[in-house]
Amino acid sequence: MKAYLKFLILTLMIALIVFEIITLGILTLPRGRFHSSYQSMIQDKYRILKETNEPKIIMVSGSSSAFGLDQKMLEDATGYKVANLGLHMGFGYLFYTEMAKVNINAGDIVLVGYEYGWQHGFDWLDQSLIMTGIDDNIEMYTMIPPRKWPDFIGYLFKFAETKRSYTETSGIYSREAFDSETGQMTMVRDYSMEWDRELYGVIDVSNPAISESSITYLKDFKQYVEERGASIYFVAPPILADAIVCDYEDFNTLKSLEEEQIGIEFISNPTDYIFPSDLMSNAIYHCNSAGEKVRTELLIEDLRKVLQK
């Protein structure tokens, strides 16, 4: 019986080692497979956050801040460096909020600029987008909560197939749209939004309510930030007016609920960030180059109110 148990344990250990070798091989080889992709910019944003130890503004957001934040304008106006994590809402609110925790120091300002939908929960992650974004940067997997690891292990062989068939990308939805040193989108968007409900969807925050999971998660995040001597504020994302199918007052109601139930000061007037189509580009949260300036100016004014206190 003892010999059988030893054999069983040894077999399990060998199987585990083989699986780990296969996993590392899939994740790391060939290296830089998705380097040209849009989502691979998450690696540069991670690096910038880690390496910026002077007082900084950390923008926790999806693509509304990839397409809607002029970082140099914000730095010049506030004197803070900017680590803009905004890239793609599809990563999941949970992923880029956990990413923000990598380097929060005393005196930093954390701006929570989620696209609407955050109020419903923080449990969803997109395995495909995250894994192709992280690519072979194994260190970044530490930002995925352990309870989510089974989902990523289950996606491993689909990821291998995606890696095998991937072809390089270019244009606005690629790495070439950004400055890799700053994380700033530099590709000019000089066109205006032509909204199509079927193609781009709508924005609806009617009957505002915040889930218990969102309240719990964000209260914990607020505590995490403040324990490190940093400040945290909610800010509004820029949104396309044509896409809104609820009353404008619903945005202000959601703002009030967030402050009452979570306790993070919401320093924006959400309706100020409802933009006409001539300030938007190719999605309901994406500013064009002109809209990016307008959004950044509004954000600077919001920040000045709290920085002067």
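Residues numbered from 1 in each chain as written. Predicted model: local features only at pLDDT ≥ 70, side-chain atom pairs only at ≥ 80, totals over all residues. Heavy atoms only, no water.

### Points about the overall build of the protein
Part 1 of the argument: If you tally the helices and strands in the protein, you get twelve helices and six strands.
Part 2 of the argument: Taking 2.2 N^0.38 as the reference for a compact globule, 309 residues should give roughly 19 Å; the C-alpha atoms of the protein span a radius of gyration of 21 Å, in line with that estimate.
Part 3 of the argument: Counting only C-alpha atoms, the protein reaches 70 × 40 × 40 Å along its principal axes.
Part 4 of the argument: Contacts spanning at least 24 positions in sequence make up 82% of the contacts within the protein whose residues lie at least 6 apart.
Part 5 of the argument: Of the roughly 14300 Å² of accessible surface on the protein, a fraction of 55% belongs to carbon and sulfur atoms.
Part 6 of the argument: Side chains of the protein carry 28 positive and 44 negative charges; the gap between the two charge centres is 9 Å. (Helix = DSSP H or I, 4+ residues; strand = E, 2+ residues; numbered from the N terminus. Rg over C-alpha atoms; globule rule 2.2 N^0.38 Å. Contact = heavy atoms within 4.5 Å. Areas by Shrake-Rupley, 256 points an atom, 1.4 Å probe, with all protein chains shown as cover. Lys, Arg positive; Asp, Glu negative; His and termini not counted. Charge placed at Lys NZ, Arg CZ, Asp CG, Glu CD.)

### What about the pairing of strand 1 (residues 56-60)?
Part 1 of the argument: Most of strand 1 sits inside the fold, with five of its five residues counted as buried.
Part 2 of the argument: The two faces of strand 1 match: Lys-56, Ile-58 and Val-60 on one face and Ile-57 and Met-59 on the other face are all buried.
Part 3 of the argument: Sheet topology places strand 1 next to strand 2 (residues 81-84); four bridges connect them, and they run parallel. Across the sheet, Met-59 pairs through a bridge with Asn-84, a residue of strand 2. (Buried < 20%, exposed > 50% of the residue type's maximum accessible area, 1.4 Å probe, protein only. Pairing = 2+ DSSP bridges.)

### Regarding helix 5 (residues 93-100)
Part 1 of the argument: Of all eight residues in helix 5, eight are buried, a share of seventy percent or more.
Part 2 of the argument: Within helix 5, burial applies to Tyr-93, Leu-94, Phe-95, Tyr-96, Thr-97, Glu-98, Met-99 and Ala-100.
Part 3 of the argument: The secondary structure elements touched by the buried residues of helix 5 are helix 2 (41-51), strand 1, helix 6 (127-134) and helix 10 (212-227).

### Re the state of the cysteines
Part 1 of the argument: Enumeration according to the criterion identifies zero disulfides in this entry.
Part 2 of the argument: Free of any disulfide, Cys-246 has its nearest neighbouring cysteine sulfur in Cys-287, separated by 18 Å.
Part 3 of the argument: Among the residues examined, Cys-246 registers a relative accessible area of 11% and is labelled buried. (Disulfide = S-S within 2.5 Å.)

### A word on the pattern of salt bridges
Pairs can form between side chains of opposite charge whenever their charged atoms are close.
Part 1 of the argument: This model, assessed by the stated rule, comprises 19 salt bridges.
Part 2 of the argument: Put simply, Lys-81 and Glu-75 hold a salt bridge, and the shortest N to O gap is 3.9 Å.
Part 3 of the argument: Across the pair Arg-304 and Glu-301 runs a salt bridge, and its minimum N-O distance is 2.6 Å. Highlighted residues: Arg-304 and Glu-301, both in helix 12 (residues 289-307), separated by three residues, approximately one helical turn.
Part 4 of the argument: Among the ionic contacts, a cluster of salt bridges with common partners joins Asp-44, Arg-47, Glu-51 and Arg-175. (Salt bridge = Lys/Arg side-chain N within 4 Å of Asp/Glu carboxyl O.)

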